[in-house]
Amino acid sequence: LKEIKESLLHLLFPHICAGCGSDLLSRESVLCMRCMHALPETNFERYAGNPVEKIFWGRLPLYSATARFYFNRESLVQHLMHRFKYKGHKELGLQLGKLMGEQMKKNCRFDADALVPLPLFPAKEKRRGYNQATVLCEGISAITGIPVLDNVITRPQHTETQTKKGRSERWKNIEGKFL
């Protein structure tokens, strides 16, 4: 009887992969195994002086930095980030944060006392329903146990969207906007 009930619920409310839309049998993940395997890992966490760290050189004091996955236009990662950021798929963000947390936990280069997500401008966060940086940090925290301090930085001023800007334009756009 329980199996019939679960099958009927699954039929009425299917649990589908956030990446490819295929039917997921497990409620443990929002990504199917095929999409999980297709995520293009960088392995930057293993190397000091990796490309992500070099982006920050001379801009701010930094001990280590990494990116879990490569981001390319029209890729699975871009699709997932768009669903998370603009389509309200918060569970996807939590899972991506957990994947980041697993990476950090395996590597001694990432010994953080706290996770501090940069805030959105309050009106934008209200419109979106959540701050994606906070959600990612919550996923990381779930794996690492590192506390999330989401109220230590404020963003009192609205900034233009970063989506169409180059790297140096992004830095200029946010310079001095956080307190």
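Residues numbered from 1 in each chain as written. Predicted model: local features only at pLDDT ≥ 70, side-chain atom pairs only at ≥ 80, totals over all residues. Heavy atoms only, no water.

(A) Quick look at the overall build of the protein. Summing up its helical and strand segments, the protein has eight helices and zero strands in all. Secondary structure elements of the protein, listed N to C terminal, follow the sequence α-α-α-α-α-α-α-α. Principal-axis analysis of the C-alpha atoms gives the protein an extent of 60 × 40 × 35 Å. In the protein, which comprises 179 residues, the proportion classed as buried is 32%. Counting only contacts in the protein whose residues sit at least 6 apart along the sequence, the fraction spanning at least 24 positions is 59%. A total accessible area of about 12,100 Å² is found for the protein, and carbon and sulfur atoms account for 56% of it. Of note, the protein has its 28 positive side-chain charges centred 6 Å away from the centre of its 18 negative side-chain charges. (Helix = DSSP H or I, 4+ residues; strand = E, 2+ residues; numbered from the N terminus. Buried < 20%, exposed > 50% of the residue type's maximum accessible area, 1.4 Å probe, protein only. Contact = heavy atoms within 4.5 Å. Areas by Shrake-Rupley, 256 points an atom, 1.4 Å probe, with all protein chains shown as cover. Lys, Arg positive; Asp, Glu negative; His and termini not counted. Charge placed at Lys NZ, Arg CZ, Asp CG, Glu CD.)

(B) Quick look at the environment of glycine 129. Topologically, glycine 129 is positioned in the loop between helix H6 (122–128) and helix H7 (132–144). The spatial distance from the C-alpha of glycine 129 to the C-alpha of lysine 90 is 9.4 Å, given a sequence separation of 39 residues.

(C) Molecular detail of the side chain of serine 64. Inspection of the secondary structure assignment puts serine 64 in the loop between helix H3 (51–56) and helix H4 (76–86). On the basis of relative accessibility, which here comes to 15%, the residue serine 64 falls in the buried class. A distance of 2.8 Å separates the side chain of serine 64 from the backbone oxygen of arginine 109, its partner in a polar contact. If we skip the residues at most four places from it in the chain, serine 64 touches Glu53, Arg109 and Phe110. (Polar contact = N/O pair within 3.5 Å; in protein donor to acceptor, adjacent residues only side chain to side chain.)

(D) Expanded view of a nonpolar patch on the surface. A cluster of nonpolar side chains, contributed by Val116, Leu149 and Val152, occupies part of the molecular surface with about 220 Å² of accessible area. With respect to the element layout, valine 116 can be found in the loop between helix H5 (90–106) and H6. A residue is classified by how much of its surface remains accessible, and valine 116, at 37% relative accessible area, is partly exposed. (Patch = residues over 30% accessible without salt bridge, like charges linked within 9 Å, V, L, I, M, F, W, Y side chains within 5 Å. Salt bridge = Lys/Arg side-chain N within 4 Å of Asp/Glu carboxyl O.)

(E) The packing of H4 against H5, seen in detail. Taken N-terminus to C-terminus, the directions of H4 and H5 make an angle of 125°; their axes are 7 Å apart at the nearest point. As far as their axial angle goes, H5 and H4 are oblique. Between H4 and H5 lies a crossing whose hand is left-handed. On H5, the residues that touch Leu80, Met81, Arg83 and Phe84 of H4 are Lys90, Leu92, Gly93 and Leu96. Tallied by class, residues from the contact of H4 with H5 come to five nonpolar, one polar and two charged. (Axes fitted to C-alpha atoms, helices over the stretch in contact; angles between N-to-C directions. Parallel < 35°, antiparallel > 145°, perpendicular 65-115°, else oblique. Left-handed = near helix turned anticlockwise from the far one by under 90°. Nonpolar A, V, L, I, M, F, W, Y, C, P; charged D, E, K, R; others polar.)

(F) Layout of the environment of aspartate 23. If you trace the backbone, aspartate 23 turns up in the loop between helix H1 (2–12) and helix H2 (33–38). Look at aspartate 23 and you get partly exposed, because its relative accessible area is 46%.

(G) Structural view of unusual backbone geometry. Within the chain, asparagine 43 stands out as a residue other than glycine whose phi angle is a positive 65°. Even without a glycine there, the phi angle at glutamate 74 is positive, about 65°. Here glutamate 74 shows up in the loop between H3 and H4. Classification of glutamate 74 as exposed rests on a relative accessible area of 75%.

(H) Examining H7 more closely. Under the 1.5 Å per step criterion, the end-to-end length of H7 is 18 Å for 13 residues, consistent within 8% with the ideal 18 Å. Among the residues of H7, Gln132, Thr134, Val135, Leu136, Cys137, Gly139, Ile140 and Ser141 are the ones counted as buried. Within two residues after H7, glycine 145 carries a phi angle of roughly 80°, on the positive side. (Expected span 1.5 Å × (residues − 1).)

Note that all results are geometric; they support no functional claim without further evidence.
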